[in-house]
Amino acid sequence: MRYFQLWLESTRLSGFMNQARFGWPICACLHFLGLSLLLGTVGLFDLRLLGVAKGLSPAAMHRFVRWGVLGFAINLITGTMFIVGKPDRYIYNPAFELKLVFLLVLGINVLVFYSIVHSKVAVLRPGDSAPLGAKIVAATSFLLWIGVICAGRMVAFFIP
Amino acid sequence: MAFYFYWIEQSAFSTWLRESPSLLVFPTLLLLHTIGMGFVAGTNAAIDLRVLGVASQMRIAPMQRFLPLMWSGFWLNAVTGVALLIAYPTKAFTNPVFYIKLAFIALALVNTQMIRNEVFRDPNLDERPVPRKWKILAGTSLLFWAGAITAGRLLAHTNSQLLTESY
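Calculation notes
- Residues numbered from 1 in each chain as written.
- Chains lettered and ligands numbered in written order.
- Predicted model: local features only at pLDDT ≥ 70, side-chain atom pairs only at ≥ 80, totals over all residues.
- Helix = DSSP H or I, 4+ residues; strand = E, 2+ residues; numbered from the N terminus.
- Buried ≥ 20, exposed ≤ 12 C-beta atoms within 10 Å, placed from the backbone.
- Contact = placed C-beta atoms within 7 Å.
- Nonpolar A, V, L, I, M, F, W, Y, C, P; charged D, E, K, R; others polar.
- Core = buried A, V, L, I, M, F, W, Y, C linked by C-beta atoms within 7 Å.
- pLDDT = per-residue confidence, 0-100.
- Axes fitted to C-alpha atoms, helices over the stretch in contact; angles between N-to-C directions.
- Parallel < 35°, antiparallel > 145°, perpendicular 65-115°, else oblique.
- Left-handed = near helix turned anticlockwise from the far one by under 90°.

**With respect to the overall build of chain B**
Argument step 1. Secondary structure assignment for chain B yields seven helices and zero strands.
Argument step 2. Its helices and strands in sequence order give chain B the pattern α-α-α-α-α-α-α, from N to C terminus.
Argument step 3. Summarising its shape, the C-alpha atoms of chain B cover approximately 60 × 30 × 25 Å along the three principal directions.
Argument step 4. Taking all 167 residues of chain B together, the buried fraction comes to 35%.
Argument step 5. For chain B, the share of sequence-separated contacts (at least 6 apart) that also reach a separation of at least 24 residues comes to 86%.

**Remarks on the overall build of chain A**
Argument step 1. Of regular secondary structure, chain A possesses eight helices and zero strands.
Argument step 2. Along chain A, from the amino end to the carboxyl end, the secondary structure elements read α-α-α-α-α-α-α-α.
Argument step 3. Projected onto its principal axes, the C-alpha coordinates of chain A cover approximately 55 × 25 × 25 Å.
Argument step 4. A burial count over chain A gives 36% of its 160 residues as buried.
Argument step 5. Contacts in chain A between residues far apart in sequence, at least 24 positions, make up 80% of those at least 6 positions apart.

**Re unusual backbone geometry**
If a residue is not glycine, its phi is most likely negative; likewise, a peptide bond is most likely trans.
Residues and elements named next belong to chain B.
Argument step 1. Although it is not a glycine, Ala55 sits at a positive phi angle of roughly 55°.
Argument step 2. As for its placement among the helices and strands, Ala55 is situated in the loop between α3 (26-51) and α4 (67-87).
Argument step 3. In the Ramachandran plot, Asp126 falls in the positive-phi region, its phi being about 70° despite a non-glycine side chain.
Argument step 4. Note that Asp126 resides in the loop between α6 (96-120) and α7 (132-158).
Argument step 5. When the 11 C-beta atoms within 10 Å are taken as the criterion, Asp126 is described as exposed.

**Considering the environment of Arg121(B)**
Argument step 1. Inspection of the secondary structure puts Arg121(B) in the loop between α6 and α7.
Argument step 2. Note: C-alpha distance between Arg121(B) and Val110(B) (eleven residues apart in sequence) is 16 Å.

**Structural notes on the interface of chain B and chain A**
Argument step 1. The interface is formed by 31 residues belonging to chain B together with 30 residues belonging to chain A.
Argument step 2. At the level of elements, α3 and α7 of chain B are the ones that each hand at least two residues to the side of chain B that touches chain A.
Argument step 3. Considering each element in turn, the side of chain B that touches chain A owes the most residues, 14 residues, to α3(B).
Argument step 4. Of the residues that constitute the side of chain B that touches chain A, the class distribution is 21 nonpolar, seven polar and three charged.

**Here's the deal with the nonpolar core**
Argument step 1. Counting residues in each nonpolar core, the largest one holds 64 residues, and the members touching the most others are Leu38(A), Ala134(A), Trp145(B), Ala148(B) and Ile149(B).
Argument step 2. Among the elements of the structure, α3 (23-49), α5 (65-85), α7 (94-122) and α8 (132-154) of chain A together with α3, α6 and α7 of chain B are those that each provide at least two residues to this core.
Argument step 3. Here the element with the most residues in this core is α3(A); it accounts for 13 residues.
Argument step 4. When sequence neighbours within four positions are dropped, the list of residues in contact with Ala148(B) reads Lys101(B), Phe104(B), Ile105(B) and Ala108(B).

**Notes on the environment of Thr78(A)**
All names here are of chain A.
Argument step 1. Residue placement: Thr78 occurs in helix α5.
Argument step 2. Separated by 47 residues in sequence, Thr78 and His31 place their C-alpha atoms 6.2 Å apart.
Argument step 3. Discounting chain neighbours no more than four positions away, the residues touching Thr78 are Cys27, Leu30, His31 and Gly34.

**Observations concerning the confidence of the model for chain B**
Argument step 1. The predicted model of chain B has a mean per-residue pLDDT of 96, with 100% of residues at 70 or higher.
Argument step 2. Prediction confidence for the complex, expressed as pTM and ipTM, is 0.95 and 0.95 respectively.

**Details of the packing of α3(A) against α3(B)**
Argument step 1. Where α3(A) contacts α3(B), the axes come no closer than 7 Å and their chain directions differ by 65°. In terms of their interaxial angle, α3(A) and α3(B) are classed as roughly perpendicular. When you trace α3(A) past α3(B), the crossing you get is right-handed. Within the contact between the two elements, α3(A) uses Leu35(A), Ser36(A), Leu37(A), Leu39(A), Gly40(A), Thr41(A), Gly43(A) and Leu44(A) and α3(B) uses Met37(B), Gly38(B), Phe39(B), Ala41(B), Gly42(B), Thr43(B), Ala45(B) and Ala46(B).
Argument step 2. Classifying every residue of the contact of α3(A) with α3(B) gives nine nonpolar, seven polar and no charged.

**Brief notes about the packing of α8(A) against α3(B)**
Argument step 1. α3(B) packs onto α8(A) with a crossing angle of 140° between their chain directions and a minimal axis gap of 9 Å. In terms of orientation, α8(A) lies oblique with respect to α3(B). For the pair α8(A) and α3(B), the crossing hand works out as right-handed. Side by side, α8(A) and α3(B) meet where Ile146(A), Ile149(A), Cys150(A), Arg153(A) and Met154(A) of the first sit next to Pro27(B), Leu30(B), Leu31(B), Thr34(B), Ile35(B) and Gly38(B) of the second.
Argument step 2. Its residues assigned to classes, the contact of α8(A) with α3(B) shows eight nonpolar, two polar and one charged.

**Concerning the environment of Val40(B)**
Argument step 1. One can find Val40(B) in helix α3.
Argument step 2. The residues contacting Val40(B), other than those within four sequence positions of it, are Met70(B), Gly73(B), Phe74(B) and Asn77(B).

The structure is reproduced here in structure tokens:
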């Protein structure tokens with residue numbers, strides 16, 4: 001881990017994040033914009049599957065998910081830039097490790113959604129209740145994304 | 001003004017918010033403020049994206065059901081925001097970016113109310129193509145909420161004075 005840290009610190013990107021005056025603040029702003037976009041699209045889709053705003057067609061609403069992917073991509077890039085910038089703040093940080101665990105489970109949850117649940121969700125009509133399996137996947141997604149935000153916000157208070 | 005900042009900062013409540021070592025005090029305040037932000041801006045963004053043509057096969061009217069979630073996020077942030085102000089009044093009020101953030105929030109709220117009145121109260125909602133005026137409102141809504149988030153995030157990078165030492 002120590003060599004990984006030293007290698008990250010030696011990269012040009014790390015130098016940029018530490019020396020460019022606006023590098024870190026701009027990435028931080030984008031990270032919060034990405035978070036909101038993700039929560040507003042994927043989070044609301046999860047809530048629809050859980051029974052909120054059942055008048056919405058889940059198949060049509062699924063179009064929102066690609067905007068959530070955009071939010072996630074923004075946060076993956078800016079998040080990586082934070083880690084490269086100051087690796088010692090993150091790679092030994094229990095809050096950051098918890099965030100990674102949540103993200104890993106969310107990744108598995110996405111695979112479960114598209115391999116098992118999606119075909120059942122795609123045929124739902126406005127007003128229909130989602131099957132139990134879809135609700136479990138949606139609840140997992142909704143709660144873990146909030147968990148990711150919580151763990152991410154706690155990173156600053158667990159810097160070793 | 002320095003007197004008022006000093007007086008607030010010396011109060012037991014402000015000192016406790018700042019100095020309590022518990023993760024359940026200041027860190028939790030920041031955390032709730034972030035989650036509230038995600039729900040206010042995220043729900044508004046979803047409505048704006050739909051009005052702008054994303055998921056256009058989906059009816060707009062049922063999205064009203066998400067408005068209570070949006071307002072819960074807003075009030076959570078009003079309360080946690082005031083608590084953060086009580087903890088660090090000098091830090092916020094001496095930073096011009098803080099006033100920019102408040103201005104963006106005010107504009108965004110007026111915009112959100114206009115969307116409610118124009119879009120959600122339209123009796124022909126979902127019966128006709130989305131009018132140009134609604135799209136403009138959706139565009140400005142995205143701009144104002146993004147502005148509020150950006151200004152809010154920049155507060156951590158632009159403050160010049162943390163506390164009032166004396167008055």
